[in-house]
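Take a look at the letters that make up each chain.
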Number of protein chains: 2
Amino acid sequence: MSTAEVLATVDIVALRLNAERGLELLLIRRAKAPFEGQWALPGVLINGRCADHGLDDAALRALREKARVKPAYMEQVATVGNAVRDPRGWSLSVFYLVLVAPDIELAADDLDFVPLESVRSERFPLPFDHTQLVQQACERLAGKSVYSALPLHLLPERFTVAEALKAFEWSIGEEIQHSSLRGRLERMKAAGWVEDTGERHQPPMGRPQHVLRFTPQGDGAFVFDRSLLV
Amino acid sequence: MSTAEVLATVDIVALRLNAERGLELLLIRRAKAPFEGQWALPGVLINGRCADHGLDDAALRALREKARVKPAYMEQVATVGNAVRDPRGWSLSVFYLVLVAPDIELAADDLDFVPLESVRSERFPLPFDHTQLVQQACERLAGKSVYSALPLHLLPERFTVAEALKAFEWSIGEEIQHSSLRGRLERMKAAGWVEDTGERHQPPMGRPQHVLRFTPQGDGAFVFDRSLLV
DNA sequence: ATAATAGTGTCTGTGAGACATTATGTA
DNA sequence: TACATAATGTCTCACAGACACTATTAT
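Cut-offs and rules
- Residues numbered from 1 in each chain as written.
- Chains lettered and ligands numbered in written order.
- Predicted model: local features only at pLDDT ≥ 70, side-chain atom pairs only at ≥ 80, totals over all residues.
- Heavy atoms only, no water.
- Pairing = 2+ DSSP bridges.
- Helix = DSSP H or I, 4+ residues; strand = E, 2+ residues; numbered from the N terminus.
- Contact = heavy atoms within 4.5 Å.
- Axes fitted to C-alpha atoms, helices over the stretch in contact; angles between N-to-C directions.
- UniProt positions renumbered as here; feature names shortened; annotations may be inferred.
- Least-squares fit on C-alpha atoms with pLDDT ≥ 70 in both.
- Parallel < 35°, antiparallel > 145°, perpendicular 65-115°, else oblique.
- Left-handed = near helix turned anticlockwise from the far one by under 90°.
- Nonpolar A, V, L, I, M, F, W, Y, C, P; charged D, E, K, R; others polar.

1. With respect to the sheet that holds strand β8 (residues 158-159) of chain B
Residue and element names in this part refer to chain B.
Here comes step 1: The 3 strands are arranged β8-β10-β9 in an open sheet whose pairing can be described as antiparallel. Strands with a single pairing partner mark the edges of an open sheet, and in this sheet they are β8 and β9 (194-201).
Here comes step 2: The strands that helix α5 (residues 178-190) touches are β8, β9 and β10 (209-214); relative to β9, the one it contacts most, it runs at about 120°.

2. Observations concerning the UniProt feature "domain: NrtR DNA-binding winged helix" (unreviewed entry) in chain A
Here comes step 1: In this structure's numbering, the residues bearing the UniProt feature "domain: NrtR DNA-binding winged helix" (unreviewed entry) are residues 152-214 of chain A.
Here comes step 2: Structurally, residues 152-214 of chain A comprises 40% helix and 25% strand, and the distance from its first C-alpha atom to its last is 8 Å.

3. Things to note about the relation of the copies chain B and chain A
Here comes step 1: Here chain B sits on chain A after a turn of 180° about the axis and a move of 0.0 Å along it, with an RMSD of 0.1 Å. Each copy turns onto its partner about a two-fold axis. Among all residues of chain B, the one whose C-alpha sits closest to the rotation axis is Arg-226 of chain B, at a distance of 2.2 Å.
Here comes step 2: Comparing interface residues between copies, 100% of those in chain B also lie at the interface in chain A; the contact surface is shared.

4. Structural notes on the packing of helix α3 (residues 130-145) of chain B against helix α4 (residues 161-172) of chain B
Residues and elements named next belong to chain B.
Here comes step 1: Two elements in contact, α3 and α4, have axes whose closest approach is 8 Å; the angle formed by their N-to-C orientations is 125°. The angle between α3 and α4 falls in the class oblique. Taken as a pair, α3 and α4 cross one another with a handedness that is left-handed. Every residue of α4 that contacts α3 at Leu-141, Ala-142 and Ser-145 is listed here: Phe-168, Ser-171 and Ile-172.
Here comes step 2: In the contact of α3 with α4, the residues fall into 4 nonpolar, 2 polar and no charged.

Right, dumping it as structure tokens:
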């Protein structure tokens, strides 16, 4: 026993939807070594001296104290650990996928959203193995988006079908049939997850859009029994 | 920095299929405090002094050195961490779901397979929060079994449809239509995951059964595009 | 022959894919 | 008017559910 301990962190892969540019990743400028001054995933150390009641609490603390954003959805993705990912030695990271609403304000200039694609393509390199964590989190999002309504958590409470379509397509990385999405939204209406507000929104051109409201019933996403894009 | 460390383990939820009694859970009698002498999940401590290249390696080490069984399938489920799960203080467990073939030999008398139901119903209590870990691992198995061929990893390489049916039903916890399973096996044949050996197996009564061979193509389970039991 | 079990076939319903058609706004 | 976009409808196909029916063995 005695010193059989290891350095552990909780790291956050927080994504936001930008209607034109696609998904964006929240980064924070590191205040301390290692990699001081570089942009990296927000995260916190976990150890007995913090008041976290559990890992989800630690993730919420990271969101509150570091990222300073409110999560619309949060899910533990996985844990990685090895001797080389942190220069300080054997370390371990429990990382979370977090979706935030598109209209959030960033509270400080050590925080920024960058295009997700620039990170995934490694044009924007991240320290540690953070690029891989982002990759895994995105795979989780894409995987779940074909059989659940997870991308709706990227939208404001009131949304249009066109916005939902974009959320799904950016999450999955492929175009999908709008009629399939409409069918799914109809089934969500029947289950009380989505309702038609009756309002209309007028785009620059064309027929006005119905404005829907998304009301998640409990944690987790609405699950369908089939997959898109088979 | 300095002592910002935490106690971390990798724990294994290893399941085996017993044709009559259903799923069984592998337990080990703890050699050291805390809970010395009690039956618990096999696991190992992780820290910089062990030669693990990563968490999956640590899990394989736990299987090799503690459980002494060969995994047919292995998957990280999640990580739990809090101040109360271990009497030594704030601790963290990365736990894995492992499926092993039914013809396993146990190498020592500090190892045993117990009925999974007795653990899930808490008639067989486990130390730490191991009962909850088992619960979560089983939910993962059940969840994936409705849209993948995961339960086939509980079978020997050569198997019959009747055996596969039992593997699915025990994994999911409900009866399923054998004709649905046959359809899925046909599609796996087309994909090269299953082949008909041409052999027959004669049950005590009735028509002889076709003997199939399961040949996983890479890690992970074969995935279908629909769910059973909708 | 009878029982038991394996394997096949039939019918229905759901929902995704693809695409045509209609509806309703702006310029 | 033309054009753009939203919303609806139609047709096909794949596959799960349910269950009937046929096939092949032991007793």
